[in-house]
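This is what each chain is made of:
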Amino acid sequence: MKMIGLTGGIASGKSTVTAIIRAKDIPVIDADALYHGLISPQDNQPSELALKINDAFPGVLLGDGNVNRSLLGSKVFGHPEELKKLSAITHPAVGTAFMFKVQELQEAGTALAMYDVPLLYERGMETMLAGVLVVWVPRAIQLERLMEREQIELADAEKRLASQLSLDDKKSRANWVIDNSGSRDATKKQVLEWLSDQA
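Note that this is a predicted model, so its numbers are computed, not measured.

*Asks:* I'd like a description of the layout of surface pockets, backed by residues and values.
*Replies:* Of the pockets and cavities examined, the largest pocket occupies roughly 1,400 Å³. If you go around the largest pocket, you meet 42 residues; those closest to its centre are I10, D32, H36, F77 and Q164. Here the lining of the largest pocket is built from residues that sort into 14 nonpolar, 16 polar and 12 charged. Considering only enclosed or pocket space, the second largest pocket measures out at about 170 Å³ in volume. Around the second largest pocket, the lining residues are P80, E81, L83, K84, S87, H91, L119, E122, R123 and S163.

*Asks:* Provide a residue-level description of the packing of aromatic side chains, including the pertinent values.
*Replies:* If you walk through the whole model with that rule in mind, you get two aromatic pairs. Ring plane angle 15° and centroid distance 3.8 Å describe the contact between F98 and Y115, whose orientation is recorded as stacked. On the criterion of sequence distance, the pair formed by F98 in helix α5 (residues 80-107) and Y115 in strand β3 (residues 112-116) is long-range, its members being 17 residues apart. Summarising the aromatic geometry, the rings of W176 and W194 are spaced 5.5 Å apart at their centres and angled 70° between planes, so their arrangement reads as edge-to-face. Of the two residues, W176 sits in strand β5 (residues 176-179) while W194 sits in helix α9 (residues 184-198), which places them 18 residues apart along the sequence. Classification of W176 as partly exposed rests on a relative accessible area of 24%. By relative accessible area, W194 is classed as buried at 5%. Here the guanidinium or amino end of K85 rests over the ring plane of F57, the centre of that ring lying 4.8 Å away. Taking NZ or CZ as reference, K171 lies 3.9 Å from the ring centre of W136, over its face.

*Asks:* Requested: an account of the environment of P46, with residues and values cited.
*Replies:* Of note, P46 is situated in the loop between α2 (31-39) and α3 (48-56). Beyond its immediate stretch of four places on either side in the chain, P46 contacts P41, L51, L61 and G65.

*Asks:* How would you sum up the sheet that holds strand β4 (residues 132-136)? Please name residues and give values.
*Replies:* One open sheet holds the five strands; their spatial order is β2-β3-β1-β4-β5, and the pairing between them is parallel. One side of each edge strand has no neighbouring strand; the edge strands of this open sheet are β2 (28-30) and β5. Here the strands of the sheet are splayed against their neighbours by 25° on average, with no regard to which way each runs. Here β2 pairs with β3 via three bridges, running parallel. Paired with D30 across the bridge in β3 is D116. In the packing of helix α1 (residues 14-23) onto the sheet, contacts are made with β1 (2-7), β2, β3, β4 and β5, and the angle to β1 comes to roughly 150°. Sheet strands in contact with α9 are β1, β3, β4 and β5, and its direction is about 160° off that of β5.

*Asks:* Please provide a residue-by-residue account of α9, values included.
*Replies:* Three- or four-residue spacings in an α-helix give side chains the same orientation, since the helix completes a turn every 3.6 residues. Its 15 residues give α9 an end-to-end C-alpha distance of 21 Å, which sits within 8% of 21 Å, the value for a rise of 1.5 Å per residue. Residues T187, V191, W194, L195 and Q198 constitute the buried set of α9. Down the axis, α9 shows its buried residues gathered within 100° of arc, on one side only. In α9, the exposed residues that point more than 90 degrees away from the buried face are D185, K189 and D197.

What counts and how
Residues numbered from 1 in each chain as written. Predicted model: local features only at pLDDT ≥ 70, side-chain atom pairs only at ≥ 80, totals over all residues. Heavy atoms only, no water. 1 Å grid on protein atoms, 1.4 Å probe; cavity = no way out; pocket = protein on both sides within 12 Å on 5 of 7 lines; lining within 4 Å. Points joined across faces, edges and corners; volume = space filled by probe spheres on them. Nonpolar A, V, L, I, M, F, W, Y, C, P; charged D, E, K, R; others polar. Phe/Tyr/Trp six-rings, centres within 6.5 Å; stacked < 30°, edge-to-face > 60°. Helix = DSSP H or I, 4+ residues; strand = E, 2+ residues; numbered from the N terminus. Buried < 20%, exposed > 50% of the residue type's maximum accessible area, 1.4 Å probe, protein only. Lys NZ or Arg CZ within 6 Å of the ring centre and 35° of its normal. Contact = heavy atoms within 4.5 Å. Pairing = 2+ DSSP bridges. Axes fitted to C-alpha atoms, helices over the stretch in contact; angles between N-to-C directions. Expected span 1.5 Å × (residues − 1). Arc of directions from axis to C-beta.

Here it is as structure tokens:
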């Protein structure tokens, strides 16, 4: 099975590209979805991962067993050491969940699949994949979209972008690039052409 990494940055339009790929019946394993599944309450009890996160960041666990993600975010965004501490807890758990998904797809005879990982390069994961597709937009557009989507000020948007490698860096390291700065139709055309090359 050919497993290709899919990455971008906050507000680069990765979900748009993912939707186009999924519509062509290509499986996409979503690292964020794996993470959210792992921190969600199970049988009305906090999950094992949620408890570990709360041990490291006391007070982020809500009474219903969910993690207060905005509070957790405020503790780690702009604080590299805290972000590193959180990553050391979450990444191994997500990695294990990913391997189970890969096994399922292999058993189903899947030829091509994608792994959607926001921090793919930051975690040095490119070496374990058959190649990396980066969804790119110019920084000015990325900031504008992020401020609009999250209803945040420029300083907060800048802080969030600073927690990831820049899209220009990712673009320079990518095997393939989708330029998502134009219309949805222009993006779709690029994605479909890319998919036809993978067949």
